[in-house]
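# Summary of the model geometry
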Amino acid sequence: MNIEIDDALMTQIGVDEKEARELLAIALYKYKRIHGSLAGKLIGVSEFDFHNLLSEKGEAVNFGVDDLVDDIKNHDL
């Protein structure tokens with residue numbers, strides 16, 4: 001899937017491609033559409049690094065028993 005956004009608009013917003021991906025991953029995670037491991041894969045980092053990114057952005061880490069079970073099922077540990 002490719003999402004195209006005009007470079008001039010991205011410059012106006014002040015977001016580069018890397019940060020746009022991070023913001024998308026954070027939003028999907030925040031709205032419980034994906035788990036931390038998948039969010040990390042979306043931006044090319046480990047789940048641990050994604051959780052660090054959340055902390056840097058002032059966002060809460062939502063990790064419960066269901067997340068652990070999903071990680072085990074998906075071999076994301």
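To start, this report covers the structure provided alongside it. (Residues numbered from 1 in each chain as written. Predicted model: local features only at pLDDT ≥ 70, side-chain atom pairs only at ≥ 80, totals over all residues. Heavy atoms only, no water.)

## Remarks on the overall build of the protein
When its secondary structure is counted, the protein shows 5 helices and 0 strands. Each helix (α) and strand (β) of the protein, taken in turn from the N terminus, gives the series α-α-α-α-α. When each of the 77 residues of the protein is scored for burial, the buried share is 25%. Counting every atom, the protein has about 5900 Å² of accessible surface; 54% of that belongs to carbon and sulfur. (Helix = DSSP H or I, 4+ residues; strand = E, 2+ residues; numbered from the N terminus. Buried < 20%, exposed > 50% of the residue type's maximum accessible area, 1.4 Å probe, protein only. Areas by Shrake-Rupley, 256 points an atom, 1.4 Å probe, with all protein chains shown as cover.)

## Observations concerning a nonpolar patch on the surface
A surface patch of nonpolar side chains, about 730 Å² in accessible area, is lined by Met 1, Ile 3, Ile 5, Leu 9, Ile 13, Leu 24 and Leu 42. Ile 5 gets classed as partly exposed once you look at its relative accessible area, which sits at 42%. (Patch = residues over 30% accessible without salt bridge, like charges linked within 9 Å, V, L, I, M, F, W, Y side chains within 5 Å. Salt bridge = Lys/Arg side-chain N within 4 Å of Asp/Glu carboxyl O.)

By themselves, these observations are geometric and do not establish any function.
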